[in-house]
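Residue strings, one per chain:
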Amino acid sequence: MPDPRRRPLGTGARTLDPADAPERWRLTGSEEGVPEANWGHWVRLAQRILEVDALSREREGRGDAWDQGFAAGHAETSDAAGNPYR
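1. Notes on the pairing of strand 2 (residues 14–18)
Across 4 bridges, strand 2 lies against strand 3 (residues 24–28) in antiparallel orientation. Residue pairing in the sheet places Thr-15 in a bridge with Thr-28 of strand 3. Where strand 2 folds back onto strand 3 in an antiparallel hairpin, the turn is made up of 5 residues.

Encoded structure:
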């Protein structure tokens, strides 16, 4: 019975395939270069991508909140409408 831990992992156009060395995995896709690394390196890369994505979403949320507050503070009827930002 084949080892299920050595099955390729597909995510759309990208796939992690087992390399010749048992502890290494190869990223395949449309590019000509095929990066190869240990499983732990791929996990750390995925964790870092998730951290950067969370940071980007948090910064975008803060920017949106600032934009809403700024717009509410400059509305003509903001004081009469009970502006929560003022």
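2. Quick look at the environment of Glu-23
Its place among the elements puts Glu-23 in the loop between strand 2 and strand 3. Glu-23 gets classed as partly exposed once you look at its relative accessible area, which sits at 48%. Apart from residues lying up to four places away in sequence, Glu-23 is in contact with Ala-37, Asn-38 and Trp-39.

3. Description of the pattern of salt bridges
All chains considered together, the criterion is met by 3 salt bridges. Note that Arg-48 is salt-bridged to Glu-51, the shortest N-O span being 3.3 Å. Separated by 3 residues within a single helix, Arg-48 and Glu-51 lie in helix 1 (residues 39–73), roughly one turn from each other. For Glu-58, the salt bridge identified is with Arg-62, shortest N-O distance 2.7 Å. Of this pair, Glu-58 and Arg-62 are both found in helix 1, 4 residues apart, which corresponds to roughly one turn of the helix. Given a relative accessible area of 39%, Glu-58 falls into the partly exposed group.

4. Regarding the pairing of strand 3
For strand 3 and strand 4 (residues 36–38), the ladder comprises 3 bridges, and the chain directions are antiparallel. By the bridge assignment, Arg-24 is partnered in strand 4 with Asn-38.

5. Things to note about the confidence of the model for the chain
Low-pLDDT portions of the prediction should not be read for the details of their coordinates. For the chain, the average pLDDT comes to 75, and 67% of its residues sit at 70 or higher. Per-element confidence in the chain is highest for helix 1, whose mean pLDDT is 84, and lowest for strand 1 (residues 9–11), whose mean pLDDT is 68.

Reading guide: rules and limits
In every chain, residue numbers begin from 1 and rise along the written sequence. With the structure being a predicted model, the display of local features is reserved for residues of pLDDT at least 70 and the display and counting of side-chain atom pairs for 80 or more, all residues being used for whole-chain, interface and lining totals. Hydrogen atoms and water are omitted, and side-chain values are computed over all heavy atoms in the structure. Strand pairing requires that DSSP identify at least two bridges connecting the strands. Comment: elements are numbered from the N terminus, with helices defined as DSSP H or I runs of at least four residues and strands as E runs of at least two. With a 1.4 Å probe rolled over the protein chains alone, any residue whose accessible area is under 20% of its type maximum counts as buried; one over 50% counts as exposed, and the rest are partly exposed. Contacts are assigned to residue pairs with any non-hydrogen atoms lying within 4.5 Å of each other. When a carboxyl oxygen of Asp or Glu lies within 4 Å of a side-chain nitrogen of Lys or Arg, that pair is called a salt bridge. In predicted models, pLDDT denotes the confidence assigned by the predictor to each residue on a 0 to 100 scale.

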